[in-house]
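# Structure assessment
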Amino acid sequence: MENLEFKCFTETTSLAEHLEMMKIHWDCADLVQSCTKQISEIVLESPFDTHLHLRDWEMLKAVAPSSATTFAGWIIMPNLAPAIETLEQVISYKWRIMEAIDWENFTPYMTINFRSDYTREFLKKIKPHIIWIKMYPKWQTTNSEGWVDWANIEEYRNTLTYMQELWIPLLVHWERIDGWYKIDELDKERKFAPIYEKLAQEFPKLKIIMEHVSTKECIELIDKYPNLYATVTLHHLLLIHNDIVSMWIQPHHFFKPIAKLWEDRKAILKYVLSGNPKIMLGTDSAPHEVGKKECACWCAWAFTAPIALQALIQIFESFWQLDNLHKFASENAKKNYEIDLPQKNVKFIKKDFEVSDKKELPYDYFINPNVRKELITPAKLFLWWKKLAWDLKGKNLPWTI
Ligand SMILES: [Zn+2]
Ligand SMILES: [Zn+2]
């Protein structure tokens, strides 16, 4: 393992190699080795992804089945074009999702896009059909042109007040974009922390979820405010900024919020690995067409859902915290959102596999072969070239049975 410290994420061939590198650079002395037993099989009970993008139509059909394989439920993001903002849109999108996964034992929880002109009556009517309302900053995510601008927070007071009264939680993609040309990409989330503190103080009964947290400053705020929670992605647990830009630049490692600094990842890892009850898995898995990702001008975001749990088992095992994985991947979300998920036990076995090796089908293993390639070709999965140590037990995809 000589020269290991000089390898960025793109250069490592296995997840194990990357995790070893993280451990060498991270003083782990203060991490209690709570689970050191060697196991070869693990069963996760009703895993839940609290943040997923499935897109729509052919892309939805192509990626939904493999994104559902290892989970019992998801929270679905509303950033379609146009965004989901009405009851009719919620009902018909949910129907298309259930069709795409062939009505299997599975629950998609729906969300709508935040608007400042929602009335109390509208929110009351739509509440039984949604779990959250999602707030995106302008320009900061796919299809978010023309959305919330934080420079004028007062404009949103009415909707936030109704949400607080009706117990509808608020999801926020936390990045500051006003004066964007002066704020470095690495600082956009950090600079949002004061706005977020203001929200937590002014709406103390509103459950506020910081989505895909990527900075030390934000994750630490969950200890300061009882109404603040966080979701964390697989990719923010693994990558830092240097992995993205130091040696080889790779489109599948480019996502928003961009991976941050060493201290940020260390703080996030510590909170997640400890099973902190206010932190939940939200993969933010977001497929793109190959022509928009593997090209000269890449879109941000990573497609991770089909292999997220396999990689997470390896991370928790590697840092001796397997006992806490179930809290992060299911239990915390069920408690925090007070929901019941379908009973679904997902079995994994310790068995090396390379994500790109799964080529026993004419089409990529994780993509529904019933969707015609000329209609849609999703870009490759995050970790495509890496060897993982845990695999699903049996052939669980509908087209491999
Ligand atoms: Zn986001
Ligand atoms: Zn997202």
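The numbering scheme is per chain: residues are counted from 1 as the chain's sequence reads. Chain A is the first chain written and ligand 1 is the first ligand written, with later ones labelled in order. With pLDDT at 70 or above as the cut-off, local features in this predicted model cover only qualifying residues; side-chain atom pairs require 80 or more to be listed or tallied, and sums for whole chains, interfaces and linings still use all residues. Side-chain numbers here rest on the full set of heavy atoms in the structure, without hydrogens or water.

## Focus: the overall build of the protein chain
Heads up, the condition is: Numbering of helices and strands runs from the N terminus, with a helix taken as a DSSP run of H or I at least four residues long and a strand as a DSSP run of E at least two residues long. The rule is simple: take the accessible area with a 1.4 Å probe, protein chains only, and divide by the maximum for that residue type; under 20% is buried, over 50% is exposed, in between is partly exposed. Any pair of residues with heavy atoms lying within 4.5 Å of one another is described as a contacting pair. Each accessible area value is a Shrake-Rupley result obtained with a 1.4 Å probe; residue values ignore everything except the protein chains displayed when judging cover.
Counting its regular elements, the protein chain contains 13 helices and 12 strands. For the protein chain, the residues scored as buried account for 61% of the 401 residues in total. Within the protein chain, contacts between residues separated by at least 24 positions form 77% of all contacts whose residues are at least 6 apart in sequence. Of the roughly 16500 Å² of accessible surface on the protein chain, a fraction of 52% belongs to carbon and sulfur atoms.

## As for the side chain of Ser-14
Here is the rule: For this analysis, a polar contact is any N or O atom pair within 3.5 Å, provided that within protein one partner can donate a hydrogen and the other can accept it, and provided that sequence-adjacent residues contribute only side-chain to side-chain pairs.
Residue placement: Ser-14 occurs in the segment before helix H1 (15-25). By relative accessible area, which is 15% here, Ser-14 ends up buried. Side-chain polar atoms of Ser-14 contact the backbone nitrogen of Glu-17, separated by 3.0 Å. Beyond its immediate sequence surroundings of up to four residues, Ser-14 is in contact with Lys-386 and Lys-387.

## What about the sheet that holds strand S6 (residues 132-135)?
Counted only if it meets this: Pairing between strands is defined by DSSP: at least two bridges between them are needed. To get an axis, a line is fitted to the C-alpha atoms, and for a helix only the part in contact is used. The angle between two axes follows their N-to-C directions and goes from 0 to 180 degrees.
Strand order across the open sheet formed by 6 strands is S5-S6-S7-S8-S9-S10, with parallel pairing between neighbours. Either end of the sheet is taken by a strand with one partner, and the two such strands are strand S5 (111-113) and strand S10 (279-281). Neighbour-to-neighbour, the strand axes of the sheet open up by a mean angle of 30°, direction not taken into account. The strands that helix H13 (residues 325-337) touches are S6, strand S8 (208-210), strand S9 (228-232) and S10; relative to S10, the one it contacts most, it runs at about 120°.

## So, the packing of aromatic side chains
Using the following cut-off: Pairing of aromatic rings covers Phe, Tyr and Trp, the last through its six-membered ring, and needs centres within 6.5 Å; plane angles under 30 degrees mean stacked, over 60 mean edge-to-face, and all others mean tilted. Working rule: Lys NZ or Arg CZ, within 6 Å of ring centre, within 35 degrees of ring normal, means a charge sits over the ring.
Counted under the stated rule, the structure contains 9 aromatic pairs. Ring plane angle 25° and centroid distance 4.9 Å describe the contact between Tyr-118 and Phe-122, whose orientation is recorded as stacked. The buried category is assigned to Phe-122, whose relative accessible area is 17%. Lys-23 extends its terminal NZ or CZ atom over the ring of Phe-319, reaching a point 5.7 Å from the ring centre. Sitting above the plane of the Tyr-229 ring, Lys-278 keeps its charged end 5.2 Å from the centroid.

## A look at the nonpolar core
Formally: Think of a nonpolar core as a cluster: buried Ala, Val, Leu, Ile, Met, Phe, Trp, Tyr and Cys residues, connected wherever their side-chain atoms sit within 4.5 Å.
Core analysis: the biggest nonpolar cluster contains 124 residues, and Leu-54, Trp-74, Leu-160, Leu-234, Leu-238, Leu-312 and Leu-383 have the highest contact counts within it. In terms of residue count, the dominant contributor to this core is helix H12 (residues 305-318) (9 residues). Within the second largest apolar cluster, 15 residues are counted, among which are Trp-132, Leu-171, Tyr-229 and Ala-333.

## Some points on the coordination of the zinc ion (ligand 2)
Put simply, the test is: Each metal's donors comprise the N, O and S atoms found within 2.8 Å of it (within 3.2 Å for Na, K or Ca). Water is not part of the atom list, so some coordination spheres may appear incomplete.
The coordination sphere of the zinc ion (ligand 2), as far as protein atoms go, consists of His-51 (NE2), His-53 (NE2) and Asp-284 (OD), spread over 2.0 to 2.1 Å. Between consecutive donor residues of the zinc ion (ligand 2), the sequence gaps follow H-x1-H-x230-D. Metal-to-metal, the separation of the zinc ion (ligand 2) and the zinc ion (ligand 1) is 3.5 Å. Judged on exposure class, the residue His-51 and its partner His-53 are both buried.

## Thoughts on the pairing of S6
Burial of S6 is two-sided: the residues Trp-132 and Lys-134 facing one way and the residues Ile-133 and Met-135 facing the other way are all buried. Bridge count between S5 and S6: 3 bridges; the pairing is parallel. Bridged to Thr-111 within S6 is Trp-132. Bridge count between S6 and strand S7 (residues 170-172): 3 bridges; the pairing is parallel. In the strand pairing of S7, Ile-133 is matched with Leu-170.

## Focus: the coordination of the zinc ion (ligand 1)
Donor atoms from the polypeptide that bind the zinc ion (ligand 1) are His-173 (ND1) and His-212 (NE2), placed at 2.1 Å. Accessibility expressed as a relative area gives 1% for His-173, which makes it buried.

## Observations regarding the UniProt feature "modified residue: N6-carboxylysine" (unreviewed entry) in the protein chain
Quick reminder of the rule: UniProt positions are given in the numbering used here, feature names are shortened, and annotations may be inferred rather than shown by experiment.
Under the present numbering, the feature "modified residue: N6-carboxylysine" (unreviewed entry) in UniProt falls on Lys-134. For Lys-134, the location among the structural elements is in strand S6. Leave out the neighbours within four places in its chain, and Lys-134 touches His-51, Met-77, Pro-78, Ile-112, Asn-113, Phe-114, Leu-171, His-173 and Glu-211.

## Side note on the environment of Trp-103
Relative to the elements of secondary structure, Trp-103 occurs in the loop between helix H3 (87-100) and strand S4 (107-109). For Trp-103, a relative accessible area of 45% gives the class partly exposed.

## Quick notes on the packing of helix H2 (residues 57-68) against H3
In plain terms, the rule: In what follows, roughly perpendicular refers to angles from 65 to 115 degrees, roughly parallel to angles under 35, roughly antiparallel to angles over 145, and oblique to any angle outside these ranges. In a left-handed crossing the near helix is turned counterclockwise from the far helix by less than a right angle, and in a right-handed crossing that turn is clockwise.
Remark: H2 packs on H3, axes separated minimally by 8 Å, with the N-to-C direction vectors making an angle of 50°. Classified by the interaxial angle, the pair formed by H2 and H3 is oblique. Every pair of crossing elements has a handedness; the one defined by H2 and H3 is right-handed. Every residue of H3 that contacts H2 at Trp-57, Leu-60, Lys-61, Ala-64 and Pro-65 is listed here: Tyr-93, Arg-96, Ile-97 and Ala-100.

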